[in-house]
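In case you want the letters, here they are:
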Amino acid sequence: MTEMTPVTDTNATAADAPKKMVLPDAQTVTEVKHWTDRLFSFRVTRPASLRFRSGEFVMIGLMGDPDPKTGKQKPLLRAYSIASPSWDEELEFYSIKVQDGPLTSKLQHIEPGDEIILRPKPVGTLVHDALLPGKRIWFFATGTGFAPFASLLREPQTYEDYDEVVITHTCREADELHYGAALVENLKTDELLNEVIGEGFWKKIKYYPTTTREESAKMGRITDLMRSGEAFADLGVAPINPETDRAMICGNLAFNLELKAMLEDWGLEEGANSDPKQYVVEKAFLD
Ligand SMILES: Cc1cc2nc3c(=O)[nH]c(=O)nc-3n(C[C@H](O)[C@H](O)[C@H](O)COP(=O)(O)OP(=O)(O)OC[C@H]3O[C@@H](n4cnc5c(N)ncnc54)[C@H](O)[C@@H]3O)c2cc1C
Ligand SMILES: NC(=O)c1ccc[n+]([C@@H]2O[C@H](COP(=O)([O-])OP(=O)(O)OC[C@H]3O[C@@H](n4cnc5c(N)ncnc54)[C@H](OP(=O)(O)O)[C@@H]3O)[C@@H](O)[C@H]2O)c1
């Protein structure tokens, strides 16, 4: 693990206190947007060497507090899905703010011009390579589990590989849907994407947001809504079938496990990079 002591910029004068930290794997924050008191998104510069597949995650973070005895600081890193697509010049992230969380209690205060640490080693299972060809892809998210799908919804391959793209997002409260809703809406007027992927590509998307603890246009857990058949009727699609449907899941552990069991009951099998099949799953956070 890297350890750092604060160092002074060589061009700085004595008046430049406090001392500026030189971060390992530093990237500069270019934009920050607060969506609610517990959710925000931000963009950072992209390391020239970083290649990733849409849907993957990296470790990002800040320097931790100095050790009271030695004064040394260690990087405090957490897994984050890259919310921007693989072709984007910058990197976007969509983050929770855990008030007593070691990282996000601090990260929520970043501003443009600040630096974060970004380890350029992308990994993950929510990638097209882990799925066999199909007709319809389902992206199932709860909470910040929307992040990898924010990447995949802007990935041309998603529309090359599938005739239909269903994105479901279940949150407790209505304002927690705003980041995803704005992203899906903006696809319609995104000139670059319409030019690169094809005019009107976004018509392949069926967006299905639901809330569980606050009134909204659609209430209920997506699992219950599919079990009852209501979600399929609302979306105007046939129930999930291993011949035609592929799925990616990203949410809390209970959600992932419940949905995984449902998909298996419907005949889908879990795939991996080395062994592509009908669905893949990744945790949105560790419990
Ligand atoms: C593969 C993977 C990808 C991830 N991608 C993202 C991402 O894109 N965006 C993101 O915000 N987080 C993501 N996380 C979670 C992230 O790694 C951190 O847990 C989160 O940033 C909080 O860090 P912390 O140090 O403040 O608190 P931690 O000590 O890490 O977490 C404290 C508690 O907060 C809750 N919590 C943590 N993360 C979340 C969350 N995202 N949503 C709701 N509750 C949470 C959990 O109950 C956890 O026990 C991902 C985790 C994994 C394993
Ligand atoms: N969201 C908030 O407003 C809020 C505020 C303060 C603190 N917190 C805390 O933050 C942590 C994470 O909260 P979160 O809301 O981001 O994520 P979450 O608890 O994972 O819930 C996100 C969504 O997933 C649904 N869900 C949970 N289990 C499911 C399952 N098995 N099948 C289908 N859907 C399922 C939830 O429905 P249900 O509502 O039916 O469970 C909710 O709509 C929790 O510890 C929470 O106490 C959350």
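Below is a short write-up of the structure. Along every chain, residues carry numbers that run from 1 in the direction the sequence is written. Here chains are named by letter from A upward and ligands by number from 1 upward, in the order in which they appear as written. With the structure being a predicted model, the display of local features is reserved for residues of pLDDT at least 70 and the display and counting of side-chain atom pairs for 80 or more, all residues being used for whole-chain, interface and lining totals. With hydrogens and water excluded, all non-hydrogen atoms of the structure serve as input to the side-chain values.

**Quick word on the overall build of the protein chain**
What counts as a helix is a DSSP run of H or I of at least four residues, what counts as a strand is a run of E of at least two, and both are numbered from the N terminus. Along the protein chain, the regular secondary structure elements total eight helices and eleven strands. The C-alpha radius of gyration of the protein chain comes to 20 Å, within 12% of the 19 Å expected for a compact globule of 287 residues. Taking all 287 residues of the protein chain together, 47% fall into the buried category. Here, residues are in contact when the closest pair of their heavy atoms is within 4.5 Å. Partitioning the contacts of the protein chain with sequence separation of at least 6, the portion at a separation of at least 24 is 71%. Carbon and sulfur atoms form 51% of the exposed surface of the protein chain, whose accessible area is close to 14100 Å². In summary, the charge assignment counts Lys and Arg as positive and Asp and Glu as negative, without counting His or the chain termini. Just so you know, the charge point we use is NZ for Lys, CZ for Arg, CG for Asp and CD for Glu. The centroid of the 32 positive side-chain charges in the protein chain is displaced by 4 Å from the centroid of its 46 negative side-chain charges. To get the radius of gyration, use the C-alpha atoms; to get the globule rule, take the number of residues to the power 0.38 and multiply by 2.2 Å. Only protein chains enter the calculation, and the probe is 1.4 Å; a residue is then buried if its accessible area is under 20% of its type maximum, exposed if over 50%, and partly exposed in between. Note on areas: these come from Shrake-Rupley sampling with a 1.4 Å probe, and a residue is covered only by the protein chains present in the view.

**A few points about the pattern of salt bridges**
For this document, the term salt bridge refers to a Lys or Arg side-chain nitrogen within 4 Å of an Asp or Glu carboxyl oxygen. Enumeration according to the criterion identifies 19 salt bridges in this entry. A salt bridge links Glu 92 to Arg 43; its shortest N-O distance comes to 2.7 Å. Of this pair, Glu 92 sits in strand 5 (residues 90–96) while Arg 43 sits in strand 2 (residues 39–45), and the two are 49 residues apart along the sequence. Grouping residues by exposure puts Glu 92 and Arg 43 together as buried. Residues participating in the shared-partner salt-bridge network are Arg 43, Asp 88, Glu 90, Glu 92 and Arg 154.

**Details of helix 4 (residues 178–187)**
Given 3.6 residues per turn, any residue in an α-helix points the same way as the ones three and four places further on. Tyr 179, Gly 180, Leu 183, Val 184 and Leu 187 are the residues of helix 4 that are buried. Down the axis, helix 4 shows its buried residues gathered within 125° of arc, on one side only. Taking the helix axis as origin, the arc is that swept by the directions to the C-beta atoms.

**A word on the packing of aromatic side chains**
Pairing of aromatic side chains requires ring centres within 6.5 Å, counting the rings of Phe and Tyr and the six-membered ring of Trp. Pairs whose planes differ by under 30 degrees are stacked, by over 60 edge-to-face, and all others tilted. Under the counting rule described, the total for this entry stands at eleven aromatic pairs. A ring pair is formed by Tyr 94 and Tyr 179, whose centres lie 4.0 Å apart and whose planes are at 10°; its orientation type is stacked. On the criterion of sequence distance, the pair formed by Tyr 94 in strand 5 and Tyr 179 in helix 4 is long-range, its members being 85 residues apart. The two residues Tyr 94 and Tyr 179 agree in class, both being buried. Between Phe 232 and Trp 266, the aromatic rings sit 6.0 Å apart at their centres with planes inclined by 70°, giving edge-to-face as the arrangement. Of the two residues, Phe 232 is situated in helix 7 (residues 230–235) and Trp 266 in the loop between helix 8 (253–265) and strand 11 (279–283); the sequence distance between them amounts to 34 residues. On the accessibility criterion, Trp 266 (26% relative accessible area) is partly exposed. One aromatic cluster is present, built from ring pairs that chain together Trp 35, Tyr 94, Phe 146 and Tyr 179.

**Section: the site of ligand 2**
We call a residue near a molecule or strand whenever a single non-hydrogen atom of that residue lies within 4 Å of it. Taken together, 15 residues lie near ligand 2, and Arg 172, Thr 212, Arg 213, Asn 252 and Glu 258 sit nearest. Any pair of nitrogen or oxygen atoms within 3.5 Å is treated as a polar contact; in protein, a donor-acceptor pairing is required on top of that, and neighbouring residues in sequence qualify only through side-chain atoms on both sides. The contact in question runs from an oxygen atom of ligand 2 to an N or O atom on the side chain of Glu 173, over 3.5 Å. In this structure, a nitrogen atom belonging to ligand 2 sits 3.4 Å away from a main-chain N or O atom of Ala 254. Notes on ligand 2: free accessible area 870 Å², of which the protein chains cover 71%.

**Digging into the site of ligand 1**
In the vicinity of ligand 1 lie 20 residues, with Ala 79, Tyr 80, Tyr 94, Thr 104 and Thr 144 positioned nearest. At a separation of 2.8 Å, a nitrogen atom of ligand 1 approaches a polar backbone atom of Tyr 94. Residue Pro 102 places a main-chain N or O atom 3.5 Å away from an oxygen atom belonging to ligand 1. Mapped by element, the contributors of at least two residues to the shell around ligand 1 are strand 4 (75–81) and strand 5. Residue contributions to the shell around ligand 1 peak at four residues, all from strand 4. Polarity classes work like this: nonpolar for Ala, Val, Leu, Ile, Met, Phe, Trp, Tyr, Cys and Pro, charged for Asp, Glu, Lys and Arg, and polar for all others, with Gly in that last group. Its residues assigned to classes, the shell around ligand 1 comprises twelve nonpolar, five polar and three charged.

**A few points about the environment of Lys 121**
Mapping Lys 121 onto the fold places it in strand 6 (residues 115–123). Note on Lys 121: relative accessible area 64%, which makes it exposed. Sequence spacing of Lys 121 and Glu 56 is 65 residues, and the spatial spacing of their C-alpha atoms is 9.7 Å. With near-sequence residues (within four places) excluded, Lys 121 lies in contact with Phe 57 and Val 58.

**Re the side chain of Arg 46**
Considering the arrangement of structural elements, one finds Arg 46 in the loop between strand 2 and strand 3 (57–63). Reaching out from Arg 46, the side chain makes a polar contact with the backbone oxygen of Ser 86 at a distance of 2.7 Å.

**Some words on helix 8**
Multiplying one less than the number of residues by 1.5 Å gives the expected span of a helix. For helix 8, which comprises 13 residues, the first-to-last C-alpha distance of 18 Å matches the rise-based estimate of 18 Å (1.5 Å per residue) to within 8%. Residues of helix 8 that are buried make contact with strand 7 (136–142), helix 6 (222–227), strand 10 (245–251) and strand 11. Where helix 8 starts, the residue carrying a side-chain oxygen 3.1 Å from the main-chain nitrogen of Ala 254 turns out to be Asn 252. A positive phi of about 100° marks Gly 267, the residue just after helix 8.

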